[in-house]
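A closer look at the structure
Read off the chains here:
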Amino acid sequence: MGTFDGLPKEMRLEILTRVPTQTVLDCKLVSKSWMQIVRHPSFARKQLKQLNGSDSGKLMGIMLFHKTPGLEEYTEYDDESSSHGTPPFSKARRFNIISPFEHYEILDSCNGLICFNALRSGYPYAAFLPLADRLVYYGPSFICNPVTREIVVLPEFEGEDLLTGFGYCSSTNEYKVVGIRSCKREAHYGVVQVYTLGSGKGWRNVGKMDYKMTGDIRKAVRRGVLANGALHWVDVGGTVLTFDLANEKLSVIPSPPMYEPGGFYNLVVLGDCLSAIYMHEKEGIWLLKQSNDNSGRPWKKEFSLGLRAPITSTKSGRFLCYGQVSGSIYRKDPKTSSSELLESFSRSVCLFIPHRNTLISLKELGEKDTQRMESVERERSSQEMQPAFVRLVIN
């Protein structure tokens, strides 16, 4: 009987790209030839393609962010768990993320790369205030891949971001970070800037946002939602801004209807479709989907979700929703309106973000200043008088 190493190289590469990411890391240790396959320039792209096109029940990973800074966990959901008698979620594992900033929050996860915003203290003389009330939004600051242990710190910029987003443009094969930054003269307007990973061009000015956001921008949801090759934001008045990652143009699309005073919208992607979650203390949560038909109604109301906001959709057409108070995840069937509790996580969990573990390399994308997280920590320990980097590790 032949051995794995006796197979053609292309066949071995094809086989290993179908192996779970965590197992691939173990495969690198088997032999030098296996390591060469995993390190092949096309391996990460082929593996990502397999993950995106997989017909298996294992949908995706989900990151759990706790109220305690620096506490991030990762779990995987299996949509077919009931058929083979296993739990729907794998045991949550702690992420070992080393942040170059003491205070940060996630911007988004895309193909295994996680982009973070940094926060800074805006009221240094108001020490009597709680820390959360003294932190001011700073903007996109670093990107990492927790699997490859790579991290890159984005160039600094002046001013404060109004809206930010991170996503992948398939037509140009580029990862882009977008920041709409405030103008000092016009507080509610902004300059649109783009950072393309690996381009070496830094932040580029691509235009101006000449739309006046409704309400206090600091109270709006500033994380852009990626759908159909564009980032989307919604203000407190329900107006949706969209930024096309390919042509780098900003525009306004028809807004979802505002049903009752006091309600507000969040945006989410469900089944590759941009959806608007309407939240109201009396009406609960409604799901509206963007319509592509010729009915003249750009948004269609799908159904009510009660008090549980959706995280993502499953391959079986159901939704994973979370209880905002309990930290639990439920599975909602839109056909039967039934709901079942899947997992109760800690009450300290305040955010669930879809994530996928991959081997996409920041260095191979062209980021010359890519560092290893561990080397960042050693750099700090040797220069304790320069508190540039803080390691946030939960054992």
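Looking at the overall build of the chain
Secondary structure summary: the chain contains 6 helices and 27 strands in total. Of all 395 residues assigned to the chain, the portion counted as buried reaches 48%. Contacts in the chain between residues far apart in sequence, at least 24 positions, make up 47% of those at least 6 positions apart. As displayed, the chain has an accessible area near 20200 Å², and 50% of this comes from carbon and sulfur atoms.

Re helix H1 (residues 9–16)
Listed as buried for H1 are Arg-12, Leu-13 and Leu-16. Buried residues of H1, viewed axially, fall in a sector of 100°; they line one side. Tucked inside the fold, the buried residues of H1 contact helix H2 (21–27), helix H3 (32–38) and helix H4 (43–53).

Concerning the pairing of strand S16 (residues 250–253)
Inspection of the sheet shows strand S15 (residues 240–244) paired to S16 by 4 bridges, in the antiparallel sense. Note on S16: the bridge partner recorded for Thr-242 is Ser-251. Once S15 ends, the chain turns through 5 residues before running back antiparallel as S16, passing Glu-248 with a positive phi of about 55°.

What to know about the environment of Ala-44
Counting through the fold element by element, Ala-44 comes out in helix H4. With a relative accessible area of 9%, Ala-44 lands in the buried category. What Ala-44 contacts, discounting residues up to four positions off in sequence, is Leu-359 and Ile-360.

Some words on the sheet that holds S16
An order of S13-S14-S15-S16 is seen for the 4 strands of this open sheet, with the pairing classed as antiparallel. Looking at which strands have only one partner, the edges of the open sheet turn out to be strand S13 (225–227) and S16. Between one strand and the next, the sheet's axes are offset by a mean angle of 35°, whatever the strand orientation. Summarising the sheet, strand S14 (residues 230–234) and S15 pair through 5 bridges and their orientation is antiparallel. The residue bridging His-232 from the neighbouring strand is Thr-242, located in S15.

Quick look at the pattern of salt bridges
The tally for this structure, following the rule as stated, stands at 7 salt bridges. Across the pair Asp-79 and Arg-318 runs a salt bridge whose closest N-O atoms are separated by 3.5 Å. On the criterion of sequence distance, the pair formed by Asp-79 in the loop between strand S2 (72–78) and strand S3 (93–94) and Arg-318 in the loop between strand S21 (308–313) and strand S22 (319–323) is long-range, its members being 239 residues apart. In this structure, Lys-176 engages Glu-174 in a salt bridge whose closest nitrogen and oxygen atoms are separated by 3.7 Å. Among the charged side chains, a salt-bridge network with shared partners connects Asp-79, Arg-318, Arg-331 and Glu-340.

What about the nonpolar core?
Ranked by size, the top nonpolar core spans 28 residues in total, and within it Phe-43, Leu-113, Ile-143, Phe-166, Tyr-175, Val-177 and Leu-197 carry the most contacts. Elements represented by at least two residues in this core include exactly H1, H2, H3, H4, strand S5 (104–110), strand S6 (113–121) and strand S10 (174–182). What Phe-43 contacts, discounting residues up to four positions off in sequence, is Leu-13, Leu-16, Thr-17, Val-24, Ile-37, Val-38 and Leu-359.

Details of H4
For H4, every residue scored as buried is listed here: Phe-43, Ala-44, Gln-47 and Leu-48. Viewed along the axis of H4, the buried residues span an arc of 130°, placing them on a single side of the element. Structural note: H4 exposes Arg-45 and Lys-49 on the side pointing more than 90 degrees away from its buried face. Taken together, the buried residues of H4 touch H1, H2, H3 and S10.

So, the packing of aromatic side chains
What the rule picks out here adds up to 11 aromatic pairs. The interplanar angle of 80° and the centroid separation of 5.8 Å between the aromatic rings of Phe-89 and Phe-345 together place this pair among those described as edge-to-face. Of the two residues, Phe-89 sits in the loop between S2 and S3 while Phe-345 sits in the loop between strand S24 (338–344) and strand S25 (349–355), which places them 256 residues apart along the sequence. For the residue pair Phe-89 and Phe-345, the accessibility class agrees, reading buried in each case. Taken together, the aromatic side chains of Tyr-77, Phe-89, Tyr-322, Phe-345 and Phe-352 make up a single cluster linked through ring pairs.

Brief notes about the sheet that holds strand S23 (residues 328–333)
The strand order S21-S22-S23-S24 describes an open sheet built from 4 strands, whose pairing is antiparallel. At either margin of the open sheet sits one strand with a lone partner, and together these are S21 and S24. Each strand axis lies, on average, 35° off the axis of its neighbour in the sheet, ignoring direction. For S23 and S24, the ladder comprises 6 bridges, and the chain directions are antiparallel. Bridge pairing in S24 links Lys-332 to Ser-339.

Some words on the confidence of the model for the chain
Taken over all residues, the pLDDT of the chain has a mean of 76, while the share at 70 or more is 74%. Considering each helix and strand of the chain separately, the mean pLDDT is smallest for strand S27 (residues 390–391), with a value of 34, and largest for strand S8 (residues 150–153), with 93. Counting interchain partners and residues more than four positions distant, the pLDDT-below-50 stretch residues 377–395 has 28 contacts.

Rules and cut-offs
- Residues numbered from 1 in each chain as written.
- Predicted model: local features only at pLDDT ≥ 70, side-chain atom pairs only at ≥ 80, totals over all residues.
- Heavy atoms only, no water.
- Helix = DSSP H or I, 4+ residues; strand = E, 2+ residues; numbered from the N terminus.
- Buried < 20%, exposed > 50% of the residue type's maximum accessible area, 1.4 Å probe, protein only.
- Contact = heavy atoms within 4.5 Å.
- Areas by Shrake-Rupley, 256 points an atom, 1.4 Å probe, with all protein chains shown as cover.
- Arc of directions from axis to C-beta.
- Pairing = 2+ DSSP bridges.
- Axes fitted to C-alpha atoms, helices over the stretch in contact; angles between N-to-C directions.
- Salt bridge = Lys/Arg side-chain N within 4 Å of Asp/Glu carboxyl O.
- Core = buried A, V, L, I, M, F, W, Y, C linked by side-chain atoms within 4.5 Å.
- Phe/Tyr/Trp six-rings, centres within 6.5 Å; stacked < 30°, edge-to-face > 60°.
- pLDDT = per-residue confidence, 0-100.

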